[in-house]
Structures are given as structure tokens and as C-alpha cells.
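Coordinate analysis (summary)
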Amino acid sequence: MRLVGELVARARRAAEEPKEPAPPSHRSNHNFSNMKSKFFNELTHMPMPMWAVGAIVVVVLALVGCLGFCIWKKCINKGKKPKKVRERKGGRGRRKKAEGDGEDGKDGDDKKEEEEQEALGKLEFSLDYNFTDNQLIVGVLQAQDLPAMDIGGTSDPYVKVYMMPDKKKKFETKVQRKNLCPVFNETFSFKIPYAELGGQTLILQVFDFDRFGKHDVIGQISIPMNSVDLAQPLNEWRDLVSGEKEEQEKLGDICISLRYVPTAGKLTVNVMEAKNLKKMDVGGLSDPFVKVVIQHNGKRLKKKKTSVKQNTLNPYFNESFSFEVPFSQIQKIQVLITVYDYDKLGSNDAIGKCFMGFGASGVGLKHWSDMLANPRRPVAQWHSLLPEEEVDATLKAPVR
């Protein structure tokens, strides 16, 4: 307020003083010097320090600069568009042009898609036939340049080997973790008379293993046996081609009840019933029985079997088995349930399999968790049966 008062008083005095005639032009520089000296003299007499004045000047200049930059962006640079926007618009225009080209453009896209699909890697295998034992010996040796199926840029490949059209006997290699050029070096044999071999096709199907979901098909090789000369061993590389995953065959469901008493260290497994089992006999029925295996850290501890139910696809068992499992081991226990078709003359064929406990996922994990959360109480759950080979591959794979 004091500063404002002084300025007002000086302005009044300046107005009251008589005006002098305009100085000649040759004294203009001298008057400018006087005005500058008066200005700086007034600044020195102001109560505000010099550093504050400098700060105000800097702030004012910064505001002016920001205002000028905004005006330049809005007005002068309005016609220019970012590079990404131009690229997106150019992409739309190219897509529209490609659509307008009609069938020629589509044919080109189809060719590109085919080229992309063909880059599935390749597989080395061997074939040999033992005429003495009537056995076809298939070797799965190695693969190269497999595509990455997992988020981390790798795959967990394994190979499934079977003959078409019956698909009765299937083999699987071990899972090779995080490897796009896996080495398998595994051999499998099919006992097939040479006279019947010509009408069959050997399938080598490469999968990416997934513990928590369905296994993805990477590619496959189909080898019609009538096109192969088995007079001498065969060893060659072939490119993998895209192949649809074989439709999951329904094997049936089984109801299992689990009960665990921590204080007594007692695990009770009740095989209750099964339904919609796969037909295994010529007459369209099966003779099912169930094997229960208890494993700890992959090591088999005990096994039990139910009685055989004749000529039925919906057997009712209601048979209980008790196992001694200390509380210190329960976290690493696996309960393996396998349904077999009894055969008097030959070996028993596995209809399907499931497991609960350590390393399980989905329903198997949920059932085991519910049992541990409700000690001394039986917990029942339906389980879908899976191919024995698929469950065994999951059990052999290390737990993530």
C-alpha cells in the first residue's frame, strides 16, 4: 500500500508541473538515457528485493512462451497429423483397396496364410518292420523349428503315435519342457501282420503340453503304409502340416468319495459308481472294474481293486478302501483311479483314468481341496475319465 501511495503522489506532481516544449530531435538520445536512469532509480527505491523482481520477470516470460506454443500448435500446426494416424488411415485405405480387388486379393491372402501355416517345423522319424515277430517299429527321433505356443516364447512338445483307422493302440513320448528343437529318441512297436499293414496309416502328431488346459496340436505327419517300402529301414525328415486335434472320445464318468481323518492318518476312498462307459466288447458292453492306486511323490505305496461288474456300461460298486497316510505326507499324495475292462483271455484294457491330489488340476484339484477343508467328512465328486496315456503324461511331468 505504501508503494502504491508513493506512485500516485509522484504521478500527481508530474501532472501539475508545467509542460516544457518538446526538445529538439538531436537531444532524444539524452532524454532516453534520463528516462532509463529514472526507471532504474525508481526500481532501487522500491521496497521489493531485486531477486523477487527477477523471479516475476522469469514467470511472465514462461507464461508468454507457453501461450505462444499453444497458439502455434492450434493454428500453425493444425494441418499436420501424427505419423501413426497417417499409417492407420493408410492401412484402412489399403484394406479397402484389397477388398475392392475381389478374388485376386483373396487368393493372395490365402497363399500368404498357407505359407504361414506351413511353418510348423519338421520331425525326424524311423520305420522298420520285423517280419519274424510281425511288428512295425516306429522311432520318434527329434524335431526342429517348432513354433512357440506358450506366452514365454517356447513350447512343451511331445509326440503321439497311433495307427489309423482303428486307433486302438496309442503311444506318447515324454514331454520336453521349453524346447523348440526337442530330442526324443523313443521307439514304439505295433504288432500288425504285414498283410494288414497296407490298409493303415501311421500318424505322428506333435502336441504342446498344457497342465491347466487342453493340449494344443502343433502339427502332424501322416504316412500311408502302402506308400512305404519296408524291405529296408527308413529314416527321414518330414515337414509338419496342420492337423485338427482328434475329437476327444467320451470314455465315461466315475463318482468317487474321499474322506480323511488327520488325527488317525486314515484316507478312505469309496468307489461309488460309473456311467456312460466306453463300449469295449464286441457285444457293445463292457466288464468294468476299478483299480485304486495311492502314490507319494510319484512312488506307488498301495493299490486296491473292486469286483468286476459283468456286461454293463453303468456299473454300481459302492466299495470302500482305507489307506494309512500320515498327516505329514497328505500334501504330496496322489489318488489314481483307473477303470478297466476285464478280459478272461488277454490283458485287461484301460477304459479311462483320472487322479486327485498333488499335481492335479480342475475337478481333481477341487475335490482334493474340499476333502482337506472338511476333515472326517466324506466328500463325493463326479470325474470325467481321460485316456490313460494323457493322465500318465501329466503325472510324469514336473509340477510347476
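The structure this text deals with has already been given above.
Residues numbered from 1 in each chain as written. Predicted model: local features only at pLDDT ≥ 70, side-chain atom pairs only at ≥ 80, totals over all residues. Heavy atoms only, no water.

Below, the discussion takes up the packing of aromatic side chains. Under the defined criterion, the tally for this structure stands at seven aromatic pairs. For the pair Phe289 and Tyr340, a centre-to-centre distance of 5.5 Å together with 15 degrees between the ring planes defines the contact as stacked. Note that Phe289 is positioned in strand S11 (residues 288-296) and Tyr340 in strand S14 (residues 333-341), a separation of 51 residues in sequence. When sorted by exposure, Phe289 lands in the same class as Tyr340, which is buried. Linked through ring pairs, Tyr129, Phe131 and Tyr194 together constitute an aromatic cluster. Positioned above the aromatic ring of Tyr162 is the side chain of Lys170, whose terminal nitrogen or guanidinium carbon lies 5.5 Å from the ring centre. A cation sits over an aromatic face here: Lys304 above Phe323, 5.1 Å from the ring centre. (Phe/Tyr/Trp six-rings, centres within 6.5 Å; stacked < 30°, edge-to-face > 60°. Helix = DSSP H or I, 4+ residues; strand = E, 2+ residues; numbered from the N terminus. Buried < 20%, exposed > 50% of the residue type's maximum accessible area, 1.4 Å probe, protein only. Lys NZ or Arg CZ within 6 Å of the ring centre and 35° of its normal.)

Those residues of helix H7 (residues 363-373) not exposed but buried are Gly364, His367, Trp368 and Met371. Within H7, the buried residues cover an arc of 95 degrees as seen down the axis, which keeps them to one side. Each element contacted by the buried residues of H7 is listed here: strand S9 (253-261), strand S10 (266-275), S14, strand S15 (349-357) and strand S16 (379-384). (Arc of directions from axis to C-beta. Contact = heavy atoms within 4.5 Å.)

Next up on the list: the side chain of Lys353. Looking at the secondary structure, you find Lys353 in strand S15. The buried category is assigned to Lys353, whose relative accessible area is 7%. One polar contact links Lys353 to Asp392, side chain to side chain, over a distance of 2.7 Å. Lys353 has contacts with Leu336, Ile337, Thr338, Ser384, Leu385, Leu386, Glu388, Val391 and Asp392, leaving out every residue within four places of it along the chain. (Polar contact = N/O pair within 3.5 Å; in protein donor to acceptor, adjacent residues only side chain to side chain.)

Moving on, we get to the sheet that holds strand S8 (residues 234-239). Spatial strand order, S5-S2-S1-S8: four strands in an open sheet with antiparallel pairing. In this open sheet, the two strands that pair with only one neighbour each are strand S5 (183-191) and S8. Sheet twist, expressed as the mean angle between neighbouring strand axes with direction ignored, is 20 degrees. The pairing of strand S1 (residues 122-130) with strand S2 (residues 135-144) spans nine bridges and is classified as antiparallel. In the sheet register, Glu124 faces S2, and the bridge partner there is Gln142. (Pairing = 2+ DSSP bridges. Axes fitted to C-alpha atoms, helices over the stretch in contact; angles between N-to-C directions.)

Take Glu124: it is sitting in strand S1. Spatially, the C-alpha atom of Glu124 lies 7.4 Å from that of Asn235, the residues being 111 residues apart in sequence. If we skip the residues at most four places from it in the chain, Glu124 touches Gly139, Val140, Leu141, Gln142, Asn235, Glu236 and Trp237. Side-chain polar atoms of Glu124 contact the side chain of Gln142, separated by 2.7 Å.

Once that is clear, we can look at the pairing of S14. The buried fraction of S14 amounts to nine of the nine residues, a majority that puts the element mostly inside the structure. Covered by surrounding structure in S14 are Ile333, Val335, Ile337, Val339 and Asp341 together with Gln334, Leu336, Thr338 and Tyr340, the residues of both alternating faces. Note that S11 and S14 share nine bridges and pair antiparallel. Bridged to Gln295 within S14 is Gln334. In the sheet, S14 pairs with S15 via eight bridges, with the strands oriented antiparallel. Its bridge partner lying in S15, Val335 is registered against Met356.

It is worth spelling out the sheet that holds S9 at this point. Spatial ordering of the open sheet is given by S13-S10-S9-S16, a layout of four strands whose pairing is antiparallel. Each edge of the sheet is formed by a strand with only one pairing partner; in this case those strands are strand S13 (316-324) and S16. In this sheet, neighbouring strand axes are inclined to one another by 20 degrees on average, regardless of whether the strands run parallel or antiparallel. Direction of pairing for S9 relative to S10: antiparallel, over a ladder of nine bridges. Bridge pairing in S10 links Leu258 to Val269. Packing of H7 onto the sheet brings it into contact with S9, S10 and S16, and relative to S16 it is tilted by some 170 degrees.

Now for helix H8 (residues 388-396). Taken together, the buried positions of H8 are Glu390, Val391, Ala393 and Thr394. Taken end-on, H8 shows its buried residues confined to a sector of 155 degrees, consistent with a single buried face. If you follow the buried residues of H8, they end up packed against strand S4 (170-172) and S15.

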